Amino acid sequence: MSAMSAMLLEILVSLFLLASAFFTLAGSIGLARLPDFYTRLHGPTKATTLGVGGMLVASVLYFSARGEWLSLNELLITMFLFITAPISAYLLAQAALHLRVRDVSGGADKSKHPGQ
Amino acid sequence: MTLLLIILFPLLGAALPAVAVRWGRNASAGAAAGVTAIPLALLLFETPRVLAGGTIEAGWRWVPAIGLDLTFRLDGLGFLFALLILGIGLLVILYARYYLSQRDPVGRFYVFLLLFMGAMLGIVLSDNLLLLLVFWELTSLSSFLLIGYWKHHADARQGARMALAITGGGGLALLAGVLLLGHIVGSFELPVVLRSRELIQGSPLYLPMLTLILLGAFTKSAQFPFHFWLPHAMSAPTPVSAYLHSATMVKAGVFLLARLYPVLSGSDAWFYLVSGTGLVTLVFAAYVAMFKHDLKGLLAYSTISHLGLIMLLFGLSTPLAAVAGVFHIINHATFKASLFMAAGIIDHESGSRDMRRLNGLWKYMPHTATLAMVAAASMAGVPLFNGFLSKEMFFTEALELHQTGTLWWIVPAAATLAGVFAVAYSLRFIHDVFFNGEPVDLPRTPHEPPRWMKVPVEILVVLCLLVGIFPAYTVAPLLNVAAGSVLGGPLPEFDLAIWHGFTFPLLMSVVALSGGVLVYFALQYRFNLHMIVQSPSPGRRFYNRGLAWLTGLSEIVTGGLQNGSLQRYLALLVTVILLAGAFPFWQLGWYSGSRSPGMMDGGSGVAWLLLVVSAACTVIWHRQRLLALVFVGVTGLMVSLIFVRFSAPDLALTQILVEVVSIILLLLALYLLPQTTPRESSVTRRMRDAGLAVAAGLGAAGLVWAVLTRPQDTISGFFLEQSVPGGGGSNVVNVILVDFRGFDTFGEIIVLAIAALGIYAMIGGLRVERPALDPARRPWAADSHPLLLRVASRILLPLALMVSVYLLLRGHNEPGGGFIAGLVTAVALITQYLASGIAWTEARLRLDHQRMIGIGVLIAALTGVASWFFGAPFLTSAFAHWHLPVLGELPLASAMIFDLGVYLTVVATTMLMLVTLGKIGAREEV
Amino acid sequence: MLAAAITIALAAISLAMLLNLWRLLCGPDLPDRILALDTLYINTIALLVLLGIHFDSLVYFEVSLLIAMMGFIGTVVFSKYVLRGDVIE
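First, a word on what this report is: a plain description of the structure on this page. Quantities reported herein were computed from a predicted structural model and do not represent experimental measurements.

1. A word on the overall build of chain A
Counting its regular elements, chain A contains 4 helices and 0 strands. Listing the helices and strands of chain A from first to last along the sequence gives α-α-α-α. Out of the 116 residues in chain A, the part that is buried amounts to 45%. For chain A, long-range pairs separated by at least 24 residues make up 59% of all intrachain contacts whose partners lie at least 6 apart in sequence.

Take a look at the structure:
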């Protein structure tokens, strides 16, 4: 590998890392700052998942360049995360609805269990 | 080898009758007889060598570190006893075939009997005192099973317990005595011990050692005041009594004294302890025997009395007395076995053992009556029967006694008195049962038993007669070698003849005979023997009182410590740990090593902060149980992160898995429990607990500091170096688990298996009504298995299984291994239960968890055993690196198969625990 | 340059984890806390991947994988408990 392509790779990995770190942090800021549970749910499940995904891509690039094989271990984690994140979000939303967690307007969601 | 076979045949063959019983009672009895006949033949094959005075020895090393080796010897004494055990055992097996009723489980009887037989053979053939002790305990255990054979009878159970408690207690004393003896001599090997007479008798430990060994012998041989277990053991089936109380169990104590006679006897302590106890037992038990209305009760006390006689003979310490003792062992075995069998026949055919109801049976069973009369005559010591010969030798020796000085007449007088009683109770056995009027209110009309039931009695009675009439041609050679090995030196001159001329012993015999007749008829007709009611023995009362006292004491101790409050257990535990942990600090001072523990980096700082805060939150919110669980989850994650930080990936993997499994477990339990913990404890109590917790935390912190700052030359270097050359794997943690400390892991998976099966056994069938409303009094969500979750779980299952297989296979070299892989598989499968429910999952996943646990443990055990075939100790690992054409180098170690066993056990136990708990609250499937 | 990027990313993720802790402590409702726990798991994965690149080591891979799996299952179990009470039914 030439010095040029090594340089390019380093830049690429760095960019991925920085971007991913940004998304991860953004997700957590969303979790901390947004007004109610239903909005807070968006941060971690979307931004953070994307962030970790990016981090894993950086890892794939980095280790593939160092070894002679394409490092695909990380893809397994990525796959796992991308399958599970929506399910987690869905179940958490269900749980919140069941517990009648208040939304931003201040009222509990009444559509779930009318008449109770 | 022959010796080992003689012992192993009954011990291992004990399983055969249980199997053979499928083909009927005859097959079961036949199997038992075969297993007995083969070692008997092996033994008889050695007769010429033994009778020529030879000793056969064989030995294998077992636990040389504590002086316990599998060494056996067959000398005259061992031969005599082995012959009695196997010969009478064979007769008892035949007899029991007809004695036991259709309802009795025959197979089990023979299994117990053979186990007992093997244990007895072990005692008499052991050449190592510790080995002898092992077999000694085995006889206590197997006799417990035999005496309690009719377990539906309360008195059988109580008799069995009593026998076990008394002989087991004696066994404990014997263990201490033997350890002392081994300490004095420096070896437990009999040949060494038997050569060390001067050393032993000169030792200051001689008296305590002797007392302890005698305690063992006296309890086993039912000597006063430990005799009372034997009459209670009469609730056993009669074949058991015939076997245990004639030739075997109770003779073990006598055997032990005979075995150690050369080194222990001769001292004053021996004389007074052994002959004193023997004398008291002899007279006392003979007296009691006369008043027993129960046939077997009479025989039981007569047995105690005769054992006392043998003890007394050994206690006298003259060579001729020892010969008489051995002789009486033979004679008592023959006549007492036949008497017990006769009593069993009478009981079996008439339905009663009560001599107040059994009268005039001569008319109904003349054949049995004749046999019983011969045996009883032998018991009474009538001339021409074998009992007479040894009893006359006894009288002779009683007169020869010099140690008692001016009280020389005591022993002969007591001997004559006991002789009078013996004649009286023997006469009662005959006269009261077979004559003396008509039977009173018997359940059945008595009749002769089946032909083959009488054969064992006939054989024994013929032996009594042959020995009694032609002693020199029958028993003499056997007696010579047996007595020779007891004495361990030259035999005294003695003459086995019926007629010695008009001597003083003969006069004593005449007095005993006529006195006995007189006493019996006086009791029967002057004092109305049948009306005399004996109070229950004081021994039993003391025993029961002692037992109640012990139970009470243990209840107080247990109740005081274990009052059901988990908080108290925890407080006690932590206090003890604190004290144990504080001791070295207090002794050695505060330790702080020279090494700097290093600076904390930013990431670790965050993890540390999260760990501390979440742990604190768990404490703060512990009354809201669900919330506390969330914080526990954080703690677990952070601990796992810290493991990674300190380069322990195996620990991190295990930690994260165990964390989730425990959360599932706790949520399953929490479903059925209150959601909040009520406030129960007082302020002082909480302060105390807080103090304990802070102290324990500070202590742990101190330890960690000490470890982190000490110079870094630990044993881990050794393991790192040895991992690849010694275990064939580069993952040190896994190599330690499955190879270096494989035996520990083996024990651990067994514990795990037991725990899971225990949980299953306790709550397996339990069903609890599920709460209809959630904690906020609202109905539960309607969708029990959300579609999205179901679909996702099915995609994830193959992924997770692939990961677990990957972790299992590479575990020997990289982080992973059976335990971790097992947990991953279990969690993956449990996810299916979570997502789709029990019914759906179990319809598709037909795993028999219990069987899988068994298979897992078995695989691990077999891997361990396999190394025996290569001549290596249990669980020695073998490994090789194979070069395969395409895949490259493939490292294989036998430890990986062991790891597979671990894997299966872990999967099955985790599943079993979670699913069992999960089913408690499940709705009944319609 | 890579080293600088890693340091910045580490700082960002550490901050993210502290924010998760904040949400965990504040709540206010149970789903908030479960969500915070779930996010903490995901951030831990990010942290481990980052450490892997930093130390040029592959040993963090399995731990990340298992944390991903277990984080999901933890969230599922907690949600299921809230929804149905009975986790395995």
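2. Re the overall build of chain C
Assigned secondary structure in chain C consists of 3 helices and 0 strands. In chain C, the succession of helices and strands from N to C terminus is α-α-α. A compact globule built from 89 residues would reach a C-alpha radius of gyration of about 12 Å, whereas chain C, at 16 Å, exceeds it by more than 25%. Dimensions along the principal axes, computed over C-alpha positions, put chain C at roughly 50 × 30 × 10 Å.

3. Digging into helix 34 (residues 787-810) of chain B
Between its first and last C-alpha atoms helix 34 of chain B spans 35 Å; for 24 residues at 1.5 Å apiece the expected length is 34 Å, and the two agree. The largest bend along helix 34 of chain B reaches roughly 30 degrees and is located at L796(B), with the proline P798(B) sitting one to four residues downstream. Taken together, the buried positions of helix 34 of chain B are L789(B), A792(B), S793(B), L796(B), A800(B), V803(B), S804(B), L807(B) and L808(B). Turning to helix 34 of chain B, the residues buried within the fold contact helix 4 (73-98) of chain A, helix 35 (818-836) and helix 38 (894-920) of chain B together with helix 3 (60-84) of chain C.

4. What to know about the interface of chain C and chain A
Every contact between the two is made by 42 residues of chain C and, on the other side, 43 residues of chain A. At the level of secondary structure, the elements contributing two or more residues to the side of chain C that touches chain A comprise helix 1 (2-26), helix 2 (30-55) and helix 3 of chain C. Split into classes, the residues belonging to the side of chain C that touches chain A amount to 31 nonpolar, 7 polar and 4 charged.

5. Observations regarding the pairing of strand 2 (residues 68-74) of chain B
Residue and element names in this part refer to chain B. With 7 bridges joining them, strand 1 (residues 56-63) and strand 2 adopt antiparallel strand pairing. Residue pairing in the sheet places G59 in a bridge with T71 of strand 2. Between strand 1 and strand 2, which pair antiparallel one after the other, the connecting turn spans 4 residues, and G67 there sits at a positive phi close to 75 degrees.

6. So, the packing of helix 35 of chain B against helix 3 of chain C
Contact geometry for helix 35 of chain B and helix 3 of chain C: axes closest at 11 Å, N-to-C directions at 30 degrees. With respect to helix 3 of chain C, the axis of helix 35 of chain B lies roughly parallel. Where helix 35 of chain B crosses over helix 3 of chain C, the two elements pack in a sense that is left-handed. Between helix 35 of chain B and helix 3 of chain C, the residues in contact are V827(B), T831(B) and L834(B) and I73(C), V76(C), V77(C) and K80(C), respectively. Taken together, the residues of the contact of helix 35 of chain B with helix 3 of chain C break down into 5 nonpolar, 1 polar and 1 charged.

7. Digging into the environment of S5(A)
Within the secondary structure, S5(A) is located in helix 1 (residues 3-33). Sequence separation of S5(A) and A65(A) is 60 residues, and the distance between their C-alpha atoms is 9.9 Å.

8. Some words on the nonpolar core
General note: in soluble globular proteins, nonpolar side chains tend to be found buried as a group. Counting 205 residues, the largest nonpolar core has A82(B), I85(B) and A375(B) as its most contacted members. Judged by nonpolar contacts, the second largest core, of 145 residues, contains A607(B), L47(C), L48(C) and L65(C).

9. Quick word on the packing of helix 20 (residues 410-434) of chain B against helix 24 (residues 504-526) of chain B
Residues and elements named next belong to chain B. Across the interface, helix 20 lies against helix 24 with an axial gap of 7 Å and an inter-helix angle of 45 degrees. The angle between the axes of helix 20 and helix 24 places the two elements in the oblique class. Between helix 20 and helix 24 the crossing geometry is right-handed. Residues P412, T416, G419, V420, A422, V423, A424, L427 and R428 of helix 20 form the contact with helix 24, whose own contacting residues are M508, V511, A512, L513, G515, G516, V517, V519 and Y520. A class-by-class count of the residues in the contact of helix 20 with helix 24 yields 13 nonpolar, 4 polar and 1 charged.

Procedures and definitions
Residues numbered from 1 in each chain as written. Chains lettered and ligands numbered in written order. Predicted model: local features only at pLDDT ≥ 70, side-chain atom pairs only at ≥ 80, totals over all residues. Helix = DSSP H or I, 4+ residues; strand = E, 2+ residues; numbered from the N terminus. Buried ≥ 20, exposed ≤ 12 C-beta atoms within 10 Å, placed from the backbone. Contact = placed C-beta atoms within 7 Å. Rg over C-alpha atoms; globule rule 2.2 N^0.38 Å. Expected span 1.5 Å × (residues − 1). Bend = angle between axes of the 7 residues up to and from the residue. Nonpolar A, V, L, I, M, F, W, Y, C, P; charged D, E, K, R; others polar. Pairing = 2+ DSSP bridges. Axes fitted to C-alpha atoms, helices over the stretch in contact; angles between N-to-C directions. Parallel < 35°, antiparallel > 145°, perpendicular 65-115°, else oblique. Left-handed = near helix turned anticlockwise from the far one by under 90°. Core = buried A, V, L, I, M, F, W, Y, C linked by C-beta atoms within 7 Å.

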